[in-house]
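# Chain and residue survey
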Amino acid sequence: METTATSLSLLGAQLVLSASLEQAKTMSISMNISVCDAHTNEILFARMDNAKITSMEIARGKAFTSSGHKANTRAFAKYAGINGPAFGLHTTNNGKFSIVPGGVAIKNAAGEVIGSVGVSGGSPDQDEIVALAGAKAWNGMTHSKM
């Protein structure tokens, strides 16, 4: 009997990280990539050669936000940006809450968020492309407890 994953495992996180790294290499951009479980705990982190040191915590913040708020960070840019109804949201959680694209929620077959990937090092759109590649790799696999 197949069961549905409720949180991303190490094996699943490795798959997400690998696909994200490959996408970043294809784009020739050095990135920082964080993969979290459903509870915002970081499972894996990679800093590619020459990736910006200052982007490390940004990637972690994007993954934290996507897991904790169960949505992609792009969803918060307008909502919590200047003149948005939740302006200032990015200052919560000790400044870890991100409203910048590049954090992507990873969902199981039932549509529940089981983890996330956060990327920083390029433009927000580039970061999001890399994060989406990681999430897509996980979603494309036949898995139950991965």
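Residues numbered from 1 in each chain as written. Predicted model: local features only at pLDDT ≥ 70, side-chain atom pairs only at ≥ 80, totals over all residues. Heavy atoms only, no water.

Moving on, we come to unusual backbone geometry. With phi around 55°, Lys 70 is a residue other than glycine that occupies positive phi space. If you trace the backbone, Lys 70 turns up in the loop between helix H2 (56–69) and helix H3 (74–80). By relative accessible area, Lys 70 is classed as partly exposed at 46%. With a phi angle near 55°, Asn 93 is a residue other than glycine that sits in the positive phi range. Within the secondary structure, Asn 93 sits in the loop between H3 and strand E3 (103–107). (Helix = DSSP H or I, 4+ residues; strand = E, 2+ residues; numbered from the N terminus. Buried < 20%, exposed > 50% of the residue type's maximum accessible area, 1.4 Å probe, protein only.)

Using the criterion set out here, one finds 1 aromatic pair in the structure. Between Phe 76 and Phe 97, the ring centres sit 5.1 Å apart and the planes meet at 70°, which makes this aromatic pair edge-to-face. Here Phe 97 lies in the loop between H3 and E3 and Phe 76 lies in helix H3, a separation of 21 residues in the sequence. Seen from the ring of Phe 45, Arg 60 lies directly overhead, with NZ or CZ sitting 3.9 Å from the centre. Taking the ring centre of Phe 64 as reference, the NZ or CZ of Lys 96 above it sits at 4.1 Å. (Phe/Tyr/Trp six-rings, centres within 6.5 Å; stacked < 30°, edge-to-face > 60°. Lys NZ or Arg CZ within 6 Å of the ring centre and 35° of its normal.)

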